[in-house]
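# Remarks on the overall topology
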Number of protein chains: 2
Amino acid sequence: MPGVGPKSAQRLALHILRATQEDVDRLAAAMHEVKEKVSFCRTCFNLAEGMLCPVCSDPGRDATVVCVVEEVKDLAALERTAEYKGQYHVLGGCISPLDGVGPEDLRVRELLERVGRDGVHEVILATSPTVEGEATAMYVSGLLRPLGMRVTRIASGLPVGGDLDYADEVTLGRALEGRREV
Amino acid sequence: MPGVGPKSAQRLALHILRATQEDVDRLAAAMHEVKEKVSFCRTCFNLAEGMLCPVCSDPGRDATVVCVVEEVKDLAALERTAEYKGQYHVLGGCISPLDGVGPEDLRVRELLERVGRDGVHEVILATSPTVEGEATAMYVSGLLRPLGMRVTRIASGLPVGGDLDYADEVTLGRALEGRREV
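Residues numbered from 1 in each chain as written. Chains lettered and ligands numbered in written order. Predicted model: local features only at pLDDT ≥ 70, side-chain atom pairs only at ≥ 80, totals over all residues. Heavy atoms only, no water.

## Points about the overall build of chain A
From N to C terminus, chain A includes six helices and seven strands. Start at the N end of chain A and walk to the C end: the helices and strands fall as α-α-β-β-β-α-β-α-β-α-β-α-β. Against the 2.2 N^0.38 benchmark of 16 Å for 182 residues, chain A shows a C-alpha radius of gyration of 20 Å, more extended than a compact globule. Summarising its shape, the C-alpha atoms of chain A cover approximately 65 × 45 × 35 Å along the three principal directions. (Helix = DSSP H or I, 4+ residues; strand = E, 2+ residues; numbered from the N terminus. Rg over C-alpha atoms; globule rule 2.2 N^0.38 Å.)

Dropping the structure here:
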């Protein structure tokens, strides 16, 4: 399991041994249940109980704006802002040749099919501002632009509450470059 | 001295006692010299040996673009990016009522005189993206806009190399809001 090394594994195993039969049964049942009930949304590949995830099945969300993220955890982070009212598309990772992940391993085809079908006006590329995330954003934007929709990238710059003095050079350079009229 | 508590002070004092007479004389002389030779630039209030700082006396820098920063350390951070080719204006802090710092304690009047005199086309507000920094930027922009120049603010967003998942809600919200066409 990710993040569980030999010491943590031993601690967890000993905890299971010490726990009551009832608790262990409940944990096992919960694991069964999550595997049975939770799958991926047919539209955006978010987690879903049923065919569609809570975002895609909410009629209040704007289906003409799609925000492309790498993973479900990024979608959750954007949902916590409570500012975004569009829908999502989870790629399932980012292009990373060193890890053997190419465009064909991501849900890019599904994205192209979806935006062609659903009359999407804007695609927001919200992959991480890392080398791999930028490469993925560039690749996807290259495929989307010929389709005639607005393609945008989330802003890079200084984190709110941060100090200029502690920002790295590349981030400061981007913050300068991306300056906006007041 | 800032950042020197009782323990550090004792360590430094004992170091001075242990050092040779010559080393102590040199340190004292260096402190005298820095106080004598280094003052503030007449134009931008950066550190300067003489009337003008290295930036203001460099004919290769664009004098029609002025980047407003809080402190000299912020100017140094922006210089490290090696991307900015304009000049600076050091305010000497930011508006902070809780600390008793008002607009009259900053070099705002000097900024207004300067931009009126020197034919400045753009003022970039590069105060920190903190509450005080934002308030200062808003205050200064309110004074500058009637003068008819372009007033811009550095971008807030995700730091380069960062992870969406680890960004706070406000920063993520700003990154979304400040998205740009690819």
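Once the structure has been displayed, the description carries forward.
## Regarding the environment of Gly116 of chain A
Residues and elements named next belong to chain A. Mapped onto the elements of the fold, Gly116 is located in helix H4 (residues 108–118). By relative accessible area, Gly116 is classed as exposed at 60%. C-alpha separation for the pair Gly116 and Pro54, spaced 62 residues apart in sequence, amounts to 22 Å. (Buried < 20%, exposed > 50% of the residue type's maximum accessible area, 1.4 Å probe, protein only.)

## Some remarks on the environment of Leu75 of chain A
Residues and elements named next belong to chain A. Locating Leu75 in the fold gives a position in helix H3 (residues 72–80). For the pair Leu75 and Ala126, spaced 51 residues apart in sequence, the C-alpha to C-alpha distance is 9.3 Å. Those residues in contact with Leu75, other than ones at most four positions away along the chain, are Asn46, Val69, Tyr88 and Val90. (Contact = heavy atoms within 4.5 Å.)

## Some remarks on the sheet that holds strand S7 (residues 180–181) of chain A
Within the open sheet, the five strands sit side by side as S7(A)-S6(B)-S5(B)-S3(B)-S4(B). Their pairing is mixed. At either margin of the open sheet sits one strand with a lone partner, and together these are S7 of chain A together with strand S4 (86–90) of chain B. Across five bridges, the pairing between strand S3 (residues 62–69) of chain B and S4 of chain B is parallel. By the bridge assignment for S4 of chain B, Val68 of chain B is matched with His89 of chain B. (Pairing = 2+ DSSP bridges.)

## Notes on the relation of the copies chain A and chain B
For these two chains of identical sequence, chain A goes onto chain B by a turn of 180 degrees and a shift of 0.1 Å along the axis, with RMSD 0.1 Å. The superposition of one copy onto the other is thereby described by a two-fold rotation axis. When C-alpha distances to the rotation axis are compared across chain A, the minimum falls at Gly157 of chain A, with a value of 2.2 Å. When the interface residues of chain A are mapped onto chain B, 100% of them are again interface residues, pointing to one common binding face. (Least-squares fit on C-alpha atoms with pLDDT ≥ 70 in both.)

## Observations regarding unusual backbone geometry
Residue and element names in this part refer to chain A. Even without being a glycine, Ala82 presents a positive backbone phi close to 55 degrees. Mapping Ala82 onto the fold places it in the loop between H3 and strand S4 (86–90). Since its relative accessible area comes to 54%, Ala82 is described here as exposed.

## Let's talk about the domain arrangement of chain A
The assigned domain composition of chain A is domain 1 (6–37) and domain 2 (60–153). Using C-alpha coordinates to define each centre, domain 1 of chain A is positioned 36 Å away from domain 2 of chain A. (Domains from an automatic or database assignment.)

## Concerning the interface of chain A and chain B
It is common to report an interface's size as the accessible area lost on association of the parts. The interface of chain A with chain B comprises 50 residues on the first partner and 50 residues on the second. Carbon and sulfur atoms make up 59% of the surface buried where chain A meets chain B, a total of about 4,700 Å² over both sides. Taken together, the connections running from chain A to chain B amount to 10 salt bridges. One salt bridge in this structure joins Asp165 of chain A and Lys73 of chain B, with 3.9 Å as the shortest N-O distance. At the boundary of chain A and chain B, one finds 18 residue pairs in polar contact (both at pLDDT 80 or more). Where the side of chain A that touches chain B is concerned, the elements lending two or more residues are H3, strand S5 (122–125), helix H5 (131–144), strand S6 (150–153), helix H6 (169–177) and S7 of chain A. (Buried area = accessible area lost by both parts, 1.4 Å probe. Salt bridge = Lys/Arg side-chain N within 4 Å of Asp/Glu carboxyl O. Polar contact = N/O pair within 3.5 Å; in protein donor to acceptor, adjacent residues only side chain to side chain.)

## Points about the packing of helix H4 (residues 108–117) of chain B against helix H5 (residues 131–144) of chain B
Residue and element names in this part refer to chain B. Closest axis-to-axis distance for the H4/H5 pair is 11 Å, and the angle between their directions is 35 degrees. Crossing handedness for the pair H4 and H5: right-handed. Mapping the contact onto sequence places Val108, Leu111, Leu112 and Val115 in H4 and Tyr139, Val140, Leu143 and Leu144 in H5. Within the contact of H4 with H5, the residues separate by chemical class into eight nonpolar, no polar and no charged. (Axes fitted to C-alpha atoms, helices over the stretch in contact; angles between N-to-C directions. Left-handed = near helix turned anticlockwise from the far one by under 90°. Nonpolar A, V, L, I, M, F, W, Y, C, P; charged D, E, K, R; others polar.)

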